[in-house]
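Remarks on the overall topology
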Amino acid sequence: MSISIMPEFSNAKKGIFSCPVLTNDEVAPGIFLMRLHAPEIAATVWPGQFVNVKTSAEMPDAACSPLLRRPFSVCEANRRAGTIAIIWKIIGPGTFSLAQHQPGTVLSLIGPLGHGFDLSNFQGPIVLVAGGVGVAPLPILGMELAARRLSFEALLGARNADELWGERELAALGGNVQISTDDGSRGEKGLVTNLLVQWLRHHKNSRARIFACGPMPMLNAVAKLCLEARVEAQLAIETMMGCGFGICMGCPITPAAGVERIGRYYLACLDGPVFSAETIRF
Amino acid sequence: MAVLQIKIRDIEFPTPIFVASGTFGYGQEAADWVDFKNLGAIITKSIGPQPRIGNPAPRLFETTAGLLNSIGLQNVGVQNFVAEKLPFLRTLGVPIIANIAGRSLDEYVEVARILEAHEGIVGYELNFSCPNVKEGGLEFSQKAEITERSTRAIRDLTKRLVIPKLTPNVARVSEIAKAAEAGGADAVSLINTLAGMAIDIETWQPRINTIVGGYSGPAIKPVALAKVYEAARAVKISVIGIGGIMNWQDAVEFFLAGATAVQIGTANFVDPRTGAAVADGLREYLDARQLKNIDELVGQIKFK
């Protein structure tokens, strides 16, 4: 693991890159982790940023279905080895297509894209919260926190024990990990937001910062809990995108103050995918 | 080596490969990582008299080899365009065509008058065919007499190119193209998006916020080709072909059907370098057949 501090994301230099697949493994039923050789992206990616991936192999006149790229948070980055990892669950043709690739296949990636997590001026405890494969951006965040010698807690939720991923990775980075599953097959039974409720109850007025990623209903719940507790929360949202770099305008997010007052919708790809909880409306 | 340069009326374009309105922003978003040198023209995101915030989510839905959109003409408005976007566009060294969208003929005229006072624009593409806003624009290219009158109103105030952009959602696009020609247009561009929809069978709700949206992408290419072929046979002015072009082979089909130039649209969302790659492929195709320029392809479809 690199000890050096990651560059500010204003330095992140995006581009389109042809990236060979190094590994592509089913790490849990229906959940895949892919490592790619992507030195340019690995060099400047900031935790919370994403890559937009053409899910069919790069070749002349690549397949037109799936047509658009699919956005994935960068899960891990190794600057020295020039590699990045992404993780996803098969939910449709794009994620299915991506799961079929063997090592050596070359995929087209655009990245690093978007605004990542705000890692300035920590004044209290740090808590990472994930629902399902929403865990994606947390390992790279954990690496950065570990490099800064900051300790953190991680609350991971999954449907069941089989679909849980990230516990070992975050623990290896020094994280204190708590688990919840919908069916109680690992850790506490119930939603991961219950773990957050308990944590907030035990850490009142703690000047904590929460980093959360997962499905929109979960993020909505996290946002409400944190706003009530007056705790800062950074949410990495999962949403449908077209281009990923601001030209299609297909990923509007409503500002908390209202579209009329702000004068525009935010775009998940440019203004996000990480938003402060108080800035957006669900 | 083949020359890709083309002329529409007396205006020269370095290549016949343009990027379509709404698929390339105002040029800024991709400028530092995409090479623009092969592009013939950049057609801006639609410009209206006032800023528009556009439609709420969901704005996009992908279908088989196609895309439904309902962006709702989100744009910065003509004053911000002139102040903030145009100075940058001028630095790119690529001809700029401003796409104008209005809710009434007065609004088209108002925007064109303001743009007339500013250098660095070679022509106006008139968005007579946006399906995603209530006030439409759509009727401007569904009724021939309105197309002619509206085209004439812009023609009368400018020497720049006037290019109405036509909808495929009509019975006879050739009638609309002829009306544009009669109104003084220098070219017509087509097709804008087809009316399309999709429904979520879990929630029974429409997939995009306006229920019916604009359908684009490689799935619509055969429809676009048929409309371009029909329009090109009906008018003497240039026809600019748009619809599902993903690579140079697609572009060659449009030239053979009668297009003088083509626009790359949805493909930019997948790879904003598509236009440059199409121009390269086209040059090689012409060279391999010892053709000197695009004119030797335009409208050269052969019948047995």
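Note: the structure precedes this text.
The numbering scheme is per chain: residues are counted from 1 as the chain's sequence reads. Written order decides the labels, with chains lettered from A and ligands numbered from 1. Thresholds applied to this predicted model are a pLDDT of at least 70 for local features of residues and 80 or more for the giving and counting of side-chain atom pairs; totals over whole chains, interfaces and linings are not thresholded and use all residues.

To qualify as a helix, a DSSP run of H or I must reach at least 4 residues; to qualify as a strand, a run of E must reach at least 2; elements of each kind are numbered from the N terminus. Mapped onto the elements of the fold, proline 87 of chain B is located in helix α1 (residues 78-90). Residue burial is a threshold on neighbouring C-beta atoms within 10 Å of the residue's own C-beta, all placed from the backbone, with 20 or more meaning buried, 12 or fewer meaning exposed, and counts in between meaning partly exposed. Under the C-beta neighbour-count criterion, proline 87 of chain B is labelled exposed, with 11 such atoms within 10 Å.

Turning our attention to the sheet that holds strand β11 (residues 188-189) of chain A. Residue and element names in this part refer to chain A. Spatially, β11-β10-β9-β8-β12-β13-β16 is the arrangement adopted by the 7 strands of the open sheet, whose pairing is mixed. The outermost strands of the open sheet, each flanked by one partner alone, are β11 and β16 (274-276). Two strands are counted as paired when DSSP detects at least two bridges linking them. Relative to β16, strand β13 (residues 232-237) is paired through 3 bridges, and the arrangement is antiparallel. Paired with glutamine 234 across the bridge in β16 is serine 276. Relative to the sheet, helix α3 (residues 138-147) contacts β8 (126-131), β9 (153-158) and β12 (209-214), its axis offset from that of β8 by approximately 165 degrees. Strands β8, β12 and β13 of the sheet are contacted by helix α6 (residues 216-228), whose axis makes an angle of about 170 degrees with β13. Residues are defined as contacting one another if the C-beta atoms placed from their backbone atoms lie within 7 Å. What counts as an axis is a line fitted to C-alpha atoms, over the stretch in contact for a helix, and the angles between N-to-C directions run from 0 to 180 degrees.

Residue and element names in this part refer to chain B. In the sheet, strand β5 (residues 60-63) pairs with strand β6 (residues 66-69) via 4 bridges, with the strands oriented antiparallel. Bridge pairing links phenylalanine 61 to leucine 68 in β6. Between β5 and β6, which pair antiparallel and follow one another directly, the connecting turn spans 2 residues, one of which, alanine 65, has a positive phi of 55 degrees.

Next up on the list: the nonpolar core. Counting 187 residues, the largest nonpolar core has Ile87, Val129, Val222 and Leu235 of chain A together with Val188, Val228 and Ala259 of chain B as its most contacted members. In this structure isoleucine 87 of chain A touches Ile31, Phe32, Leu33, Cys75, Val133, Ala136 and Trp165 of chain A, once residues within four positions along its chain are discounted. Residues of type Ala, Val, Leu, Ile, Met, Phe, Trp, Tyr and Cys that are buried and joined through C-beta atoms within 7 Å form what is called a nonpolar core.

On to the interface of chain B and chain A, then. Counting from both sides, the interface comprises 30 residues of chain B and, opposite them, 24 residues of chain A. When contributions to the side of chain B that touches chain A are tallied by element, the ones reaching two or more residues are β5, β6 and α7 (267-270) of chain B. Three residue categories are used. Nonpolar comprises Ala, Val, Leu, Ile, Met, Phe, Trp, Tyr, Cys and Pro, charged comprises Asp, Glu, Lys and Arg, and polar comprises the others, including Gly. When its residues are assigned to classes, the side of chain B that touches chain A shows 15 nonpolar, 10 polar and 5 charged.

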